[in-house]
Amino acid sequence: MPALNVEFSDRELEDLRQIAKERGTSMKALVREAAAADIARHRALQEGAEAFRRFFASHAEEFAAAFPEDEPRTKNEGRAA
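Chemist: Even after reading the chapter, I still don't get the packing of helix H1 (residues 10-23) against helix H2 (residues 27-58), so can you show me in this structure?
Modeler: When two helices pack together, their arrangement is given by the angle between the helix axes and by the axis-to-axis distance. Where H1 meets H2, the axes come as close as 9 Å, and the angle between the chain directions of the two elements is 95°. Between H1 and H2, the interaxial angle falls into the category roughly perpendicular. Here H1 contributes Leu13, Leu16, Arg17, Ile19, Ala20 and Arg23 to the contact with H2, which in turn contributes Met27, Leu30 and Val31. Looking at the contact of H1 with H2 residue by residue, the class counts come to 7 nonpolar, no polar and 2 charged.

Chemist: Explain the packing of aromatic side chains here, please?
Modeler: Aromatic rings considered in pairs are described by the distance between their centres and by the relative angle of their planes. For the coordinates displayed, the defined rule picks out 3 aromatic pairs. Centroid distance phenylalanine 55 to phenylalanine 63: 6.2 Å. Interplanar angle 80°. Geometry classified as edge-to-face. An aromatic cluster of three or more residues is present, and its members are Phe52, Phe55, Phe56 and Phe63.

Thresholds applied
Residues numbered from 1 in each chain as written. Predicted model: local features only at pLDDT ≥ 70, side-chain atom pairs only at ≥ 80, totals over all residues. Heavy atoms only, no water. Axes fitted to C-alpha atoms, helices over the stretch in contact; angles between N-to-C directions. Helix = DSSP H or I, 4+ residues; strand = E, 2+ residues; numbered from the N terminus. Parallel < 35°, antiparallel > 145°, perpendicular 65-115°, else oblique. Contact = heavy atoms within 4.5 Å. Nonpolar A, V, L, I, M, F, W, Y, C, P; charged D, E, K, R; others polar. Phe/Tyr/Trp six-rings, centres within 6.5 Å; stacked < 30°, edge-to-face > 60°.

Purely spatial values, then, with no claim about function.
Structure (structure tokens):
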């Protein structure tokens with residue numbers, strides 16, 4: 001399995017030791033769990049953003065009608081003829 005060396009300050013390392021001890025786990029397991037949780041969170045945010053983009057795109061006309069002030073202006077809009 002590939003590995004990654006991560007550097008911590010003395011304070012961070014001491015905090016990690018203390019947290020791992022309190023949780024009854026190893027420092028390696030603690031750091032791996034934290035990284036895995038952040039990866040899962042990142043993936044969920046990406047999936048949520050993609051679902052929102054699909055929803056917004058499929059209802060673009062409804063949003064434009066409901067919020068016309070938020071629609072981009074055309075080049076000639078707002079100019080006197």
